[in-house]
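Structural overview
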Amino acid sequence: MSPASTGASTVVDAVPSVSAPDSAPDSRMAPGGPGYRRMSFALFLAGVATFALLYSTQALLPLISGEFGVAASEASWTVAAATGGLALFVLPMSALSERFGRRTVMTGSLAVAVTVGMLVPFAPSLGWLVVLRGLQGAALAGLPASATAYLAEEVRPRALVTAIGLFVAGNSVGGMSGRVITGWIAQEWGWRIAVGAVGVIAVGCAVAFRLLLPAPRHFMAGSLRPRVLARTVREHLADPLLRRLYAIGALFMTVFGGVYTVIGYRLTEAPFSLPQGIVGSIFLVYLVGTVSASTAGRLVGRLGRRGALYLAGGTTATGLLLSLADSLPMVLLGLVLITAGFFAGHAVASSAVSKTATTGRAQASALYQSAYYIGSSAGSTVGAMAFHSGGWAGTVGVGVLAVFGVVTITVFGSRAARVQKRLATA
C-alpha cells in the first residue's frame, strides 16, 4: 500500500516504511471485519455528541429571545458563534491531528467541548452565552476533519462512503435528540436546564467513544511544518473538483442552518402557535436524515456522485416550497424532504472529498468542514434576517437560491468532466 493510499498528509515528515507486497491482504477495516462495528458505533456517538452540543440552543431560540429581550437575528448568534468557531479552528485542529493522531485530537476536543457545555447554562447575559458557544464550537473543531481522515486511513475504500454516512447519521441523531430533549425540558424547567441536560448526554457519548474507538493502525505521525501545511492547503484549493465540493457543502448547510434556526419562531407564532415541547418534537424528522445519510453509498452506486447530488438538491428544493403552506402536515412534509436531501447531499460531498484527496486528507476534510460550517453560520444569520424582514417566505427564498447554486455547480462539474474525458481520449 503506497503512502498516498494511507491518507498520510504532506504536512508531516513521515517515517519511511517498507512497501508491502502487492499480494498482501488489505488490513484496513471493512463491514463484518474485526473492529468495524466498534469503530462505527464509536464515531456514531461522536457524531451524536458533536451535533447535540453544536446546535443545543437552536430549538430554544424563542425562549432565549424572551429572556434577554432580543430579536431572532440577535439570538441566532448563539448558533452562528458555535458553527463559526468550528469553521475557524477546524484547519488548525486537523494539523494537530497529523502530529498527535486522530483519536487523541478527537478525544481532547470532546473533553473540552463537554466541559464548556456544562458552563453554558450559567451564562449571565446573551454576550457571555455567545462567547461560550464560540469556545464550544472551536473545541468541537477537532472532531469532523479528524473523523473523516481516520476513516479514510482505517477503512477500505469501497466501504468509505458507508462509513462516513454512519458518522453523518450520528450527526443527525445528535441534532434530533438534542432538540427534542431540550424542547420538552425547556417547557417545564427553562432553556438553561435543557442545555445542561444536553451537556450531560454528551459526556456519556464522549466516554463511550474513547472506550470503543479502535487504535489507529495506518496513521503516520510527523512534525508539524506550517509552510508545508500552507502549501497543502493551496494545492487543495487549486483542485477544481475539491473547490466545487467545498462550495456544495457550504450551500447545502446554508439551507439547513437557515431553516432550522427559524422554524421554531414560525411554529410558535400564528397560525400554528405550538408549545415549546411540541416544537422540539418536530426535530424527530432528523431520523429521516439518519436513513438518507447511511444509504448515501448505495445512492452513489446507482446514480453516480453527480446524480446523487441532483437528487439531493431537488428533494431539498421541493421541501422548501412545500413548507410555505399554512398547513402543519405540509410544513412537516417539507421538513422531511429538506432533511433527507440535506443529509444525503452532505454525505455524498464529504465522502467525495476524502476520495479525491490522496495526500493531506485531514486538511482536505478540514477545508470542507470549514466551508460547511461557514455555510451554517451564514444560513443561521441570513435566514434569521430574512425571516425578520420577509417572514418564512424570506427564509425559503434564501434556501432556494442556495439549492440553485448546488445544481449550477454540479452541472458545471458534469460539463467539465465530459470535456476532460474527450481530451483524454483525443
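Just so it is clear, the structure is predicted and the values come from calculations on it, not from any experiment.

A count of helical and extended segments in the protein chain gives 16 helices and zero strands. A globule of 426 residues ought to have a C-alpha radius of gyration of about 22 Å, and the protein chain, at 21 Å, matches this closely. C-alpha extents for the protein chain along the principal axes are approximately 65 × 50 × 40 Å. Residues counted as buried form 57% of the 426 residues belonging to the protein chain. Restricting to contacts in the protein chain with at least 6 residues of sequence separation, those with at least 24 account for 84%. Counting every atom, the protein chain has about 16,600 Å² of accessible surface; 68% of that belongs to carbon and sulfur. Both charge centroids of the protein chain, one from 30 positive and one from 13 negative side chains, sit 10 Å from each other.

On to helix 13 (residues 286-294). Those residues of helix 13 that fall on the buried side of the exposure criterion are Y286, G289, T290, S292 and A293. Each element contacted by the buried residues of helix 13 is listed here: helix 8 (160-189), helix 11 (240-268), helix 14 (296-322) and helix 15 (328-356).

Counting across every chain of the model gives four cavities of 30 Å³ or more. Of the volumes computed, that of the largest cavity is approximately 70 Å³. Breaking the lining of the largest cavity down by element, the ones donating at least two residues are helix 11, helix 14 and helix 16 (361-425). Of the residues in the lining of the largest cavity, the class split is five nonpolar, two polar and three charged. Lining the second largest cavity, in full, are T50, F51, P144, I164, F167, V168, N171, H346, S350, Q369 and Y373. Taken together, the elements giving at least two residues each to the lining of the second largest cavity come down to helix 1 (36-54), helix 8, helix 15 and helix 16. Here the element with the most residues in the lining of the second largest cavity is helix 8; it accounts for four residues.

Turning our eyes to something else, we now look at the side chain of S292. Here S292 shows up in helix 13. Relative accessible area serves as the criterion here: at 12%, S292 is assigned to the buried category. A distance of 3.1 Å separates the side chain of S292 from the backbone oxygen of A340, its partner in a polar contact. In this structure, S292 is in contact with T339, A340, F343 and A344, ignoring residues within four places of it in sequence.

Once that is clear, we can look at the packing of helix 14 against helix 15. Helices that pack against each other are described as a pair by the angle of their axes relative to one another and the distance between those axes. Interhelical geometry of helix 14 versus helix 15 gives an angle of 145° and a closest axis separation of 7 Å. Note that helix 14 runs across helix 15; the crossing there is left-handed.

Our focus in this paragraph is the pattern of salt bridges. Within this structure, the stated rule accounts for three salt bridges. Of the charged contacts, one joins E153 and R102 as a salt bridge, the two residues approaching to 2.3 Å between their closest N and O atoms. Placement of E153 in helix 7 (residues 144-154) and of R102 in helix 5 (residues 102-117) is noted, with a sequence separation of 51 residues between them. By relative accessible area, which is 1% here, E153 ends up buried. Two residues, D326 and R266, come together in a salt bridge whose shortest N-O distance is 3.3 Å. Of the two residues, D326 sits in the loop between helix 14 and helix 15 while R266 sits in helix 11, which places them 60 residues apart along the sequence.

Turning next to the packing of helix 1 against helix 8. As a packed pair, helix 1 and helix 8 sit with axes 6 Å apart at the nearest point and diverge in direction by 35°. The interaxial crossing formed by helix 1 with helix 8 has right-handed handedness. Between helix 1, through Y36, S40, L43, F44, A46, G47, V48, F51 and A52, and helix 8, the contact on the second element is made entirely by T162, A163, L166, F167, A169, G170, N171, V173, G174 and G175. Of the residues contributing to the contact of helix 1 with helix 8, the split by class is twelve nonpolar, seven polar and no charged.

Aromatic ring pairs are defined here through the distance separating the ring centres and the angle between the ring planes. Counted according to the given criterion, the structure contains eleven aromatic pairs. Both rings, one in F342 and one in F343, keep their centres 4.8 Å apart while their planes meet at 70°; by these two values the pair is edge-to-face. Across the pair, F343 and F342 agree in class, each one buried. Taking NZ or CZ as reference, R99 lies 5.4 Å from the ring centre of F100, over its face.

Looking now at the nonpolar core. Formed by 126 residues in total, the largest nonpolar core has its most connected members in M39, L43, L151, Y260 and Y373. Sequence-distant contacts of Y260, that is, excluding residues within four places in its chain, are made with Q58, F283, V285, Y286, L335 and T339.

Turning to unusual backbone geometry, a few remarks are in order. In most cases, non-glycine residues show a negative phi, while peptide bonds are predominantly trans. A cis amide bond links A270 to the next residue, P271, at an omega of 10°. Along the chain, the position of P271 falls in the loop between helix 11 and helix 12 (276-281). Its identity as a non-glycine residue notwithstanding, S273 has a phi of 50°, on the positive side. Assignment of secondary structure puts S273 in the loop between helix 11 and helix 12.

Reading the values: rules and limits
- Residues numbered from 1 in each chain as written.
- Predicted model: local features only at pLDDT ≥ 70, side-chain atom pairs only at ≥ 80, totals over all residues.
- Heavy atoms only, no water.
- Helix = DSSP H or I, 4+ residues; strand = E, 2+ residues; numbered from the N terminus.
- Rg over C-alpha atoms; globule rule 2.2 N^0.38 Å.
- Buried < 20%, exposed > 50% of the residue type's maximum accessible area, 1.4 Å probe, protein only.
- Contact = heavy atoms within 4.5 Å.
- Areas by Shrake-Rupley, 256 points an atom, 1.4 Å probe, with all protein chains shown as cover.
- Lys, Arg positive; Asp, Glu negative; His and termini not counted.
- Charge placed at Lys NZ, Arg CZ, Asp CG, Glu CD.
- 1 Å grid on protein atoms, 1.4 Å probe; cavity = no way out; pocket = protein on both sides within 12 Å on 5 of 7 lines; lining within 4 Å.
- Points joined across faces, edges and corners; volume = space filled by probe spheres on them.
- Nonpolar A, V, L, I, M, F, W, Y, C, P; charged D, E, K, R; others polar.
- Polar contact = N/O pair within 3.5 Å; in protein donor to acceptor, adjacent residues only side chain to side chain.
- Axes fitted to C-alpha atoms, helices over the stretch in contact; angles between N-to-C directions.
- Left-handed = near helix turned anticlockwise from the far one by under 90°.
- Salt bridge = Lys/Arg side-chain N within 4 Å of Asp/Glu carboxyl O.
- Phe/Tyr/Trp six-rings, centres within 6.5 Å; stacked < 30°, edge-to-face > 60°.
- Lys NZ or Arg CZ within 6 Å of the ring centre and 35° of its normal.
- Core = buried A, V, L, I, M, F, W, Y, C linked by side-chain atoms within 4.5 Å.

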